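Descriptive structure summary
Next come the chains, spelled out residue by residue.
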Amino acid sequence: MTTVPCFGRWQGVYDGDESVDAVLLTAPDGRVQRRPACLHQPAEFVYDDHGYETVVAAGATVQAARGTPDVPGTWRYAWLAGERVVGQGEFVCAPSNHPGYVERSAHDSRYFACTGGEPYVAIGLNLCWPATYALSTGREFQTGSGRATLGAREFERWFRTLAERGGNFARLWLGMHYFQADGPVAGELDLLRFAATDQVVELARRY
(Lines give C-alpha, C1' and ligand atoms only; values in the text may rest on other atoms or scores of the structure.)
Protein backbone atom coordinates (compact mmCIF):
# COMPACT_ATOMS: atom_id res chain seq x y z
CA MET A 1 0.00 0.00 0.00
CA THR A 2 1.25 3.49 -0.85
CA THR A 3 2.50 5.61 2.08
CA VAL A 4 2.42 9.41 1.96
CA PRO A 5 3.79 11.70 4.70
CA CYS A 6 1.32 13.98 6.43
CA PHE A 7 0.93 17.20 4.36
CA GLY A 8 2.78 15.50 1.52
CA ARG A 9 1.35 15.03 -1.95
CA TRP A 10 -0.72 11.98 -2.78
CA GLN A 11 -1.12 11.28 -6.48
CA GLY A 12 -3.35 8.50 -7.68
CA VAL A 13 -3.44 7.15 -11.22
CA TYR A 14 -6.64 5.66 -12.61
CA ASP A 15 -5.92 2.59 -14.72
CA GLY A 16 -9.45 1.74 -15.82
CA ASP A 17 -11.19 2.29 -19.15
CA GLU A 18 -13.59 5.04 -18.06
CA SER A 19 -13.01 8.76 -18.42
CA VAL A 20 -12.89 9.97 -14.81
CA ASP A 21 -13.87 13.41 -13.55
CA ALA A 22 -12.83 13.44 -9.91
CA VAL A 23 -11.69 11.47 -6.91
CA LEU A 24 -13.21 11.42 -3.44
CA LEU A 25 -10.71 11.24 -0.59
CA THR A 26 -12.03 10.03 2.75
CA ALA A 27 -9.89 10.79 5.80
CA PRO A 28 -9.62 8.48 8.82
CA ASP A 29 -11.90 10.87 10.72
CA GLY A 30 -14.61 10.61 8.04
CA ARG A 31 -14.06 13.96 6.30
CA VAL A 32 -14.51 13.75 2.52
CA GLN A 33 -12.58 15.85 0.01
CA ARG A 34 -13.42 16.01 -3.68
CA ARG A 35 -10.48 16.59 -6.05
CA PRO A 36 -10.66 17.00 -9.85
CA ALA A 37 -9.07 14.47 -12.15
CA CYS A 38 -6.61 15.61 -14.81
CA LEU A 39 -4.30 14.33 -17.50
CA HIS A 40 -0.76 13.79 -16.23
CA GLN A 41 2.34 13.36 -18.36
CA PRO A 42 5.16 11.42 -16.66
CA ALA A 43 8.39 13.19 -17.57
CA GLU A 44 12.15 12.84 -17.47
CA PHE A 45 14.63 15.70 -17.09
CA VAL A 46 17.65 15.33 -19.38
CA TYR A 47 20.79 17.51 -19.21
CA ASP A 48 23.40 17.87 -21.92
CA ASP A 49 27.15 18.39 -21.48
CA HIS A 50 26.60 22.11 -20.87
CA GLY A 51 23.97 21.47 -18.20
CA TYR A 52 21.09 22.65 -20.39
CA GLU A 53 17.78 20.99 -19.62
CA THR A 54 15.27 19.22 -21.85
CA VAL A 55 12.02 17.86 -20.44
CA VAL A 56 10.85 14.77 -22.33
CA ALA A 57 7.84 12.49 -22.00
CA ALA A 58 8.45 9.25 -20.10
CA GLY A 59 5.54 7.14 -21.24
CA ALA A 60 1.93 7.81 -22.15
CA THR A 61 -0.32 10.33 -20.46
CA VAL A 62 -2.49 8.98 -17.64
CA GLN A 63 -5.60 10.06 -15.76
CA ALA A 64 -4.62 11.21 -12.29
CA ALA A 65 -5.74 13.16 -9.26
CA ARG A 66 -3.98 14.63 -6.26
CA GLY A 67 -4.65 15.47 -2.66
CA THR A 68 -2.91 16.48 0.55
CA PRO A 69 -3.60 14.15 3.50
CA ASP A 70 -3.53 16.17 6.70
CA VAL A 71 -4.03 13.52 9.40
CA PRO A 72 -2.17 10.22 9.86
CA GLY A 73 -3.98 6.96 9.23
CA THR A 74 -5.55 5.04 6.38
CA TRP A 75 -7.24 7.14 3.71
CA ARG A 76 -9.69 5.75 1.15
CA TYR A 77 -10.24 7.06 -2.35
CA ALA A 78 -12.95 6.52 -4.97
CA TRP A 79 -12.72 7.45 -8.66
CA LEU A 80 -15.82 9.08 -10.14
CA ALA A 81 -17.06 9.07 -13.73
CA GLY A 82 -19.83 11.61 -13.39
CA GLU A 83 -21.19 10.51 -10.02
CA ARG A 84 -20.56 6.78 -10.57
CA VAL A 85 -17.78 5.14 -8.58
CA VAL A 86 -15.56 3.29 -11.07
CA GLY A 87 -12.57 2.43 -8.88
CA GLN A 88 -11.47 2.46 -5.26
CA GLY A 89 -8.35 2.10 -3.16
CA GLU A 90 -6.49 3.07 -0.01
CA PHE A 91 -3.23 4.67 1.04
CA VAL A 92 -1.55 5.36 4.37
CA CYS A 93 -0.73 8.82 5.66
CA ALA A 94 2.33 8.61 7.93
CA PRO A 95 3.15 11.15 10.67
CA SER A 96 5.65 13.80 9.62
CA ASN A 97 7.28 16.94 10.97
CA HIS A 98 5.77 19.09 8.20
CA PRO A 99 4.25 22.23 9.81
CA GLY A 100 1.20 22.18 7.52
CA TYR A 101 -0.48 24.97 5.61
CA VAL A 102 0.27 28.67 6.02
CA GLU A 103 -2.93 30.14 7.45
CA ARG A 104 -4.18 33.18 9.30
CA SER A 105 -3.07 32.95 12.92
CA ALA A 106 -5.78 31.91 15.36
CA HIS A 107 -3.94 33.89 18.05
CA ASP A 108 -3.76 37.16 16.11
CA SER A 109 -5.43 37.46 12.71
CA ARG A 110 -2.94 40.14 11.61
CA TYR A 111 -0.28 37.45 11.31
CA PHE A 112 0.35 34.11 9.63
CA ALA A 113 0.82 30.75 11.33
CA CYS A 114 1.16 27.15 10.23
CA THR A 115 -1.57 24.58 10.80
CA GLY A 116 0.04 23.43 14.04
CA GLY A 117 0.20 26.97 15.40
CA GLU A 118 3.87 27.69 14.66
CA PRO A 119 4.30 31.35 13.60
CA TYR A 120 5.20 31.90 9.95
CA VAL A 121 7.18 34.91 8.75
CA ALA A 122 7.92 34.85 5.02
CA ILE A 123 11.64 35.37 4.30
CA GLY A 124 12.46 35.23 0.63
CA LEU A 125 12.19 36.88 -2.76
CA ASN A 126 11.03 36.56 -6.35
CA LEU A 127 12.68 33.60 -8.08
CA CYS A 128 10.40 34.12 -11.05
CA TRP A 129 11.84 31.88 -13.78
CA PRO A 130 15.21 30.40 -14.77
CA ALA A 131 17.46 32.40 -17.05
CA THR A 132 17.91 31.42 -20.69
CA TYR A 133 21.20 31.51 -22.57
CA ALA A 134 21.90 32.05 -26.26
CA LEU A 135 23.11 28.94 -28.05
CA SER A 136 26.18 28.86 -30.24
CA THR A 137 25.79 28.69 -34.01
CA GLY A 138 28.90 26.51 -34.16
CA ARG A 139 31.03 29.41 -35.37
CA GLU A 140 33.55 31.06 -33.10
CA PHE A 141 31.96 33.54 -30.64
CA GLN A 142 28.68 33.56 -32.57
CA THR A 143 25.25 32.81 -31.16
CA GLY A 144 21.91 32.43 -32.90
CA SER A 145 18.27 32.79 -31.95
CA GLY A 146 18.13 29.45 -30.10
CA ARG A 147 18.14 29.61 -26.32
CA ALA A 148 18.43 27.05 -23.53
CA THR A 149 18.00 26.95 -19.76
CA LEU A 150 19.47 25.15 -16.77
CA GLY A 151 15.85 24.74 -15.66
CA ALA A 152 15.12 22.88 -12.44
CA ARG A 153 18.81 22.61 -11.59
CA GLU A 154 19.02 26.39 -11.41
CA PHE A 155 16.05 26.45 -9.05
CA GLU A 156 17.71 23.78 -6.94
CA ARG A 157 20.80 25.95 -6.54
CA TRP A 158 18.67 28.97 -5.70
CA PHE A 159 16.52 27.10 -3.16
CA ARG A 160 19.55 25.52 -1.51
CA THR A 161 21.31 28.87 -1.18
CA LEU A 162 18.15 30.56 0.09
CA ALA A 163 17.58 27.84 2.70
CA GLU A 164 21.18 28.07 3.91
CA ARG A 165 20.50 31.73 4.68
CA GLY A 166 17.27 31.17 6.55
CA GLY A 167 14.82 31.68 3.67
CA ASN A 168 11.43 29.97 3.62
CA PHE A 169 9.57 31.69 0.77
CA ALA A 170 9.92 32.13 -2.99
CA ARG A 171 7.59 33.50 -5.63
CA LEU A 172 7.26 31.93 -9.09
CA TRP A 173 5.77 33.54 -12.19
CA LEU A 174 3.74 30.78 -13.82
CA GLY A 175 2.95 32.85 -16.89
CA MET A 176 6.58 32.97 -18.00
CA HIS A 177 8.22 30.74 -20.60
CA TYR A 178 9.53 27.96 -18.36
CA PHE A 179 6.19 27.30 -16.65
CA GLN A 180 3.67 28.48 -19.24
CA ALA A 181 1.53 25.53 -20.32
CA ASP A 182 -0.98 27.28 -22.55
CA GLY A 183 -0.09 27.91 -26.19
CA PRO A 184 -1.61 29.64 -29.20
CA VAL A 185 -4.64 27.30 -29.39
CA ALA A 186 -7.20 27.67 -26.60
CA GLY A 187 -7.55 24.50 -24.55
CA GLU A 188 -4.40 22.81 -25.84
CA LEU A 189 -1.92 22.52 -22.99
CA ASP A 190 1.71 21.48 -22.88
CA LEU A 191 1.66 18.91 -20.08
CA LEU A 192 5.48 18.88 -19.93
CA ARG A 193 5.34 22.45 -18.59
CA PHE A 194 3.21 21.17 -15.71
CA ALA A 195 5.88 18.52 -15.13
CA ALA A 196 8.49 21.29 -14.88
CA THR A 197 6.34 23.09 -12.32
CA ASP A 198 5.97 19.86 -10.34
CA GLN A 199 9.73 19.38 -10.30
CA VAL A 200 10.35 22.91 -9.01
CA VAL A 201 7.70 22.54 -6.30
CA GLU A 202 9.26 19.25 -5.15
CA LEU A 203 12.65 20.99 -4.93
CA ALA A 204 11.03 23.75 -2.88
CA ARG A 205 9.66 21.10 -0.52
CA ARG A 206 13.11 19.55 -0.20
CA TYR A 207 14.81 22.82 0.76
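Residues numbered from 1 in each chain as written. Predicted model: local features only at pLDDT ≥ 70, side-chain atom pairs only at ≥ 80, totals over all residues. Heavy atoms only, no water.

Some remarks on the overall build of the protein chain
If you tally the helices and strands in the protein chain, you get two helices and 17 strands. For the C-alpha atoms alone, the extent of the protein chain along its principal axes is close to 65 × 50 × 30 Å. By residue count, 32% of the 207 residues in the protein chain fall in the buried class. At a minimum sequence separation of 6, the contacts of the protein chain that also span at least 24 residues come to 58%. Separation between the mean location of the 19 positive side-chain charges and that of the 24 negative ones in the protein chain comes to 6 Å. (Helix = DSSP H or I, 4+ residues; strand = E, 2+ residues; numbered from the N terminus. Buried < 20%, exposed > 50% of the residue type's maximum accessible area, 1.4 Å probe, protein only. Contact = heavy atoms within 4.5 Å. Lys, Arg positive; Asp, Glu negative; His and termini not counted. Charge placed at Lys NZ, Arg CZ, Asp CG, Glu CD.)

Observations regarding the side chain of Gln41
Note on placement: Gln41 falls in the loop between β5 (38–40) and β6 (43–47). With a relative accessible area of 11%, Gln41 lands in the buried category. Here Gly59 takes part through its backbone oxygen, which lies 2.8 Å from a polar atom of the side chain of Gln41. If we ignore the near neighbours within four places in the chain, the residues touching Gln41 are Ala57, Ala58, Gly59, Ala60, Thr61, Leu191, Leu192 and Ala195. (Polar contact = N/O pair within 3.5 Å; in protein donor to acceptor, adjacent residues only side chain to side chain.)

Some details on the nonpolar core
The nonpolar side chains of a soluble globular protein tend to be buried with one another. Grouped together as the largest cluster of nonpolar side chains are 15 residues, with contacts concentrated most on Trp10, Val23, Leu25, Trp75, Tyr77, Trp79 and Phe91. Ignoring any residue separated from it by four or fewer positions in sequence, one finds Trp79 in contact with Gly12, Val13, Tyr14, Val20, Ala22, Val23, Ala64, Ala65, Arg84, Val85, Val86 and Gly87. Residues Ala152, Phe159, Leu162 and Phe179 belong to the second largest nonpolar core, which totals 14 residues. (Core = buried A, V, L, I, M, F, W, Y, C linked by side-chain atoms within 4.5 Å.)

As for the sheet that holds strand β12 (residues 112–114)
Taken in spatial order, the three strands make up an open sheet running β11-β12-β13, and their pairing is antiparallel. With partners counted over all chains shown, the strands left at the sheet margins are β11 (102–104) and β13 (119–120), one partner each. Looking at chain direction, β11 and β12 are connected through three bridges and run antiparallel. Bridging from a neighbouring strand, Val102 pairs with Cys114 of β12. (Pairing = 2+ DSSP bridges.)

Section: helix α2 (residues 191–206)
For α2, spanning 16 residues, the distance from its first C-alpha to its last is 23 Å, which sits close to the expected 22 Å at 1.5 Å a residue. Turning to α2, its buried residues are Leu191, Leu192, Arg193, Ala195, Ala196, Thr197, Asp198, Val200 and Leu203. Each element contacted by the buried residues of α2 is listed here: β5, β6, β7 (53–57), β8 (62–67) and α1 (152–164). With a side-chain oxygen lying 3.1 Å from the backbone nitrogen of Leu192, the N-terminal cap of α2 falls on Asp190. (Expected span 1.5 Å × (residues − 1).)

With respect to the pattern of salt bridges
Tallied over the entire structure, the rule returns twelve salt bridges. Between Asp198 and Arg66 there is a salt bridge whose closest N-O contact spans 2.6 Å. Placement of the pair is Asp198 in helix α2 and Arg66 in strand β8, with a sequence separation of 132 residues. Judged by relative accessible area, Asp198 falls into the buried class, the value being 16%. On the accessibility criterion, Arg66 (27% relative accessible area) is partly exposed. Several salt bridges share partner residues, and in doing so they unite Arg9, Arg66, Asp198, Glu202 and Arg205 into one network. (Salt bridge = Lys/Arg side-chain N within 4 Å of Asp/Glu carboxyl O.)

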